[in-house]
Amino acid sequence: MKIALIAETKLISLTTIFDGWDSLEDIEAIYQFDLEKPSTIGKWKDDVWFGSQRLNGCNPGLLTLCTEIPSKFGVTDEHVRPFLEGLTINGAIAAKRLFMVDLKILENLPCVENFQVCAPIALFFVNNNDNLVPVAIQLQQHKGPKNPIFLPSDPEYTWLIAKMWYNNADASFHQSCTHLGFTHLMMEGIAVAMHRNLAPSHPMFRLLSSHFLYLIAINTRGLGMLVSEGGWVDKTMTIGRKGMFELIRRGLCEWRLDVDGTLPNQLKARGVDSDGILPTYYYKEDSLPIYYAIKKYVTAIVNIYYDSDEVLKNDHEMQNFGQELVKSKKDGVGLLGVYGSGSFTKRSDLILTLTAFIFTCSVSHAAANFSQYEEYAFPPNYPAKLKGVPPKDKSPLEYKDVMDILADKSTTLDIIVVTKLLSTRPRTTNALAFRQNSNS
């Protein structure tokens, strides 16, 4: 597909395929034929859009309510006073208008040779227009003279490049944990445990199996082609496959089914569950009703087949399934936070567990996967790979500096082609609540 794209557009010579881009206009020119122009081209520089990416992009689960400024974060009232609309930091915290993302999980992460990834901390503010906007970015974990606080008032390209380095870190977490680690690899372990312990005729097997459709095959193909040594991840991501696998390992050591896999609890843990907080958090508004609809459906199915907790306790297949979920990764799935600790003695625990599985395979995966082309296809918007080193001071930067850190033409095309394929909904799968027309 990549070669076909080059041949069809005739915009990139094979003799310059490994060169850098001369201008953003050159990148824009490749969106032809089946490659629609990403809407991000017109808004990637905008601070409101940058804030919206934290809420409604492909990685919408990291933002937390700020209750205090960590000692490692060097931001002060003096830094952000111009952007808090008359509030101090403490005043914005008290008004529940200050939010933060701390990507400490990326600190000291392995990367492709001669590439670096940040472990940034970013501060966001809900302004009087109800928009979430960035007000401060620190690109590394610990404050210091070579780790400045970048601000919207900095020179245009200095601030823009700080946001690009932040998004490169965010993209690394998205592809590694939010997408591959949590919705693919972890769910594969659960699918294997289901096949090992539940008969195909078991009602809970029948409830879950359609949500695991093609999962193992997709993972096998993806690991073989995309995450293999020298494959797509090594070519197109700053962290490469070694960094990706290490990040997945770190993420799985923290991920809990009763928090991260249970949307209402996850929102509460991040302090963003209250009505009226983050008015433009459309992911929350859209996904919560779906979560409760899934839970309602699962509750009905579970109560049909288990009319009492005692019946559930005596279901040896389901008990074995639960135990395999919580066993260490050497002998089982190694899931943390499984309701009932893997002993399903109450129907309510089973309902919450199965709801989390279905929600993760459907809503969480859809959010992480189907918007990838829109986010990644225009590289400055959400760069999977950046060249050079993150800035260590606030010297004025220029347009040329933006072009210098972008990946070369070949890497860009690899990113566009694969994210286009991944973002295309397969015809062989159905959406939630899909009903086959009996007349068709």
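In case you missed it, the structure is sitting above this.
These figures come from a predicted structure and were not determined experimentally.

Things to note about the overall build of the chain
In step 1: From N to C terminus, the chain includes 18 helices and 5 strands.
In step 2: For 440 residues, the compact-globule formula gives about 22 Å, and the C-alpha radius of gyration of the chain, at 23 Å, lands near that figure.
In step 3: When its C-alpha atoms are laid out on the principal axes, the chain stretches across 70 × 55 × 45 Å.
In step 4: Counting the 440 residues in the chain, one finds 53% classified as buried.
In step 5: Of the contacts made within the chain by residues no fewer than 6 positions apart, 74% connect residues no fewer than 24 positions apart.

Quick word on the nonpolar core
Note on soluble globular proteins: their nonpolar side chains tend to be buried together.
In step 1: Among the nonpolar cores identified, the biggest contains 117 residues, and Phe99, Leu106, Phe321 and Leu325 are the most heavily contacted of them.
In step 2: With 20 residues, the single largest contributor to this core is helix H6 (residues 156–197).
In step 3: In this structure, Leu325 is in contact with Ile190, Ala193, Val333, Gly334, Leu335, Val338, Phe344, Thr353 and Phe357, ignoring residues within four places of it in sequence.
In step 4: If you look at the next biggest cluster of nonpolar residues, it comprises 18 residues, including Val80, Leu84, Leu98 and Ile121.

Details of the packing of aromatic side chains
Aromatic ring pairs: the centre-centre distance and the angle between the two ring planes describe each pair.
In step 1: Counted according to the given criterion, the structure contains 9 aromatic pairs.
In step 2: Measuring from centroid to centroid gives 6.3 Å for Tyr281 and Tyr283, while their planes differ by 35 degrees, and the two rings are tilted. For the residue pair Tyr281 and Tyr283, the accessibility class agrees, reading buried in each case.
In step 3: Taking 5.4 Å as the distance between ring centres and 80 degrees as the angle between the ring planes, the aromatic pair formed by Tyr291 and Tyr292 counts as edge-to-face.
In step 4: Overall, Tyr291 belongs to the buried group, its relative accessible area being 2%.
In step 5: Counting every residue linked through ring pairs, the aromatic cluster contains Phe50, Phe124 and Tyr166.
In step 6: The positively charged end of Lys385 is found above the aromatic ring belonging to Phe115, 4.6 Å away from the centroid.

A short note on the pattern of salt bridges
In step 1: Counted according to the given criterion, the structure contains 13 salt bridges.
In step 2: One salt bridge connects Lys420 with Glu36, and the closest N-O pair in it is separated by 2.8 Å. Within this pair, whereas Lys420 is found in helix H18 (residues 409–423), its partner Glu36 is found in the loop between helix H2 (24–28) and helix H3 (47–56), the two being separated by 384 residues in sequence.
In step 3: You can call Lys420 buried: its relative accessible area is 16%.
In step 4: Look at Glu36 and you get partly exposed, because its relative accessible area is 41%.
In step 5: Linking Arg97 and Glu85 is a salt bridge whose minimum nitrogen-to-oxygen distance equals 3.0 Å. In this pair, Arg97 is assigned in the loop between helix H5 (89–94) and strand S2 (98–102) and Glu85 in the loop between helix H4 (77–80) and H5, connecting sequence segments 12 residues apart.
In step 6: Glu85 gets classed as partly exposed once you look at its relative accessible area, which sits at 39%.

Topic: the packing of helix H12 (residues 282–305) against helix H15 (residues 347–369)
In step 1: At their nearest, the axes of H12 and H15 sit 9 Å apart, and the two run at 140 degrees to each other. The orientation of H12 relative to H15 falls into the category oblique. In this structure, H12 crosses over H15, and the sense of that crossing is right-handed. Across from Tyr283, Ser287, Ile290, Tyr291, Ile294, Lys295, Val298, Thr299, Val302 and Asn303 in H12, the residues of H15 making contact are Arg347, Leu350, Ile351, Leu352, Leu354, Thr355, Ile358, Phe359, Ser362, Val363 and Ala367.
In step 2: Grouping the amino acids of the contact of H12 with H15 by side-chain chemistry returns 14 nonpolar, 5 polar and 2 charged.

A closer look at the packing of H6 against helix H14 (residues 316–326)
In step 1: Remark: H6 packs on H14, axes separated minimally by 9 Å, with the N-to-C direction vectors making an angle of 150 degrees. Taken together, H6 and H14 sit at an angle that is classed as roughly antiparallel. Viewed along their axes, H6 and H14 form a crossing whose handedness is right-handed. Facing Ile190, Ala193, Met194, Arg196 and Asn197 of H6, the residues of H14 in contact are Glu317, Asn320, Phe321, Glu324 and Leu325.
In step 2: Tallied by class, the residues present in the contact of H6 with H14 amount to 5 nonpolar, 2 polar and 3 charged.

So, helix H8 (residues 215–225)
In step 1: Taken together, the buried positions of H8 are Leu215, Asn219 and Gly222. Seen along its axis, H8 keeps its buried residues to an arc of 70 degrees; they face one direction. Pointing more than 90 degrees away from the buried face of H8 are the exposed residues Ala217, Thr220 and Arg221.
In step 2: Residues of H8 that are buried make contact with H6.

As for H15
In step 1: Taking 1.5 Å as the rise per residue, H15 with 23 residues should run 33 Å; its terminal C-alpha atoms sit 32 Å apart, in good agreement.
In step 2: A maximum bend of about 40 degrees is found in H15 at Thr360.
In step 3: Counting buried residues along H15, 19 of its 23 residues qualify, which places the element largely inside the surrounding structure.

Observations regarding the sheet that holds strand S5 (residues 149–150)
In step 1: Strand order in this open sheet of 5 strands is S1-S2-S3-S4-S5, and the pairing throughout is antiparallel. Edge positions in the sheet fall to strand S1 (64–65) and S5, since each of these pairs with one other strand and no more.
In step 2: Of the pairings in the sheet, the one linking S1 to S2 comprises 2 bridges and is antiparallel in character. From the neighbouring strand, Leu65 faces S2, where its bridge partner is Phe99.

Description of the pairing of strand S4 (residues 132–138)
Both faces of the sheet carry side chains from a regular strand, because those side chains alternate between them.
In step 1: S4 sits mainly inside the fold: 7 of its 7 residues count as buried.
In step 2: Alignment of strand S3 (residues 121–126) against S4, held across 6 bridges, turns out to be antiparallel. Directly across from Ile121, in S4, lies its bridge partner Gln138.
In step 3: Relative to S5, S4 runs antiparallel, the two sharing 2 bridges. When the bridges of S5 are listed, Gln138 appears paired with Ile149.

What counts and what doesn't
- Residues numbered from 1 in each chain as written.
- Predicted model: local features only at pLDDT ≥ 70, side-chain atom pairs only at ≥ 80, totals over all residues.
- Heavy atoms only, no water.
- Helix = DSSP H or I, 4+ residues; strand = E, 2+ residues; numbered from the N terminus.
- Rg over C-alpha atoms; globule rule 2.2 N^0.38 Å.
- Buried < 20%, exposed > 50% of the residue type's maximum accessible area, 1.4 Å probe, protein only.
- Contact = heavy atoms within 4.5 Å.
- Core = buried A, V, L, I, M, F, W, Y, C linked by side-chain atoms within 4.5 Å.
- Phe/Tyr/Trp six-rings, centres within 6.5 Å; stacked < 30°, edge-to-face > 60°.
- Lys NZ or Arg CZ within 6 Å of the ring centre and 35° of its normal.
- Salt bridge = Lys/Arg side-chain N within 4 Å of Asp/Glu carboxyl O.
- Axes fitted to C-alpha atoms, helices over the stretch in contact; angles between N-to-C directions.
- Parallel < 35°, antiparallel > 145°, perpendicular 65-115°, else oblique.
- Left-handed = near helix turned anticlockwise from the far one by under 90°.
- Nonpolar A, V, L, I, M, F, W, Y, C, P; charged D, E, K, R; others polar.
- Arc of directions from axis to C-beta.
- Expected span 1.5 Å × (residues − 1).
- Bend = angle between axes of the 7 residues up to and from the residue.
- Pairing = 2+ DSSP bridges.

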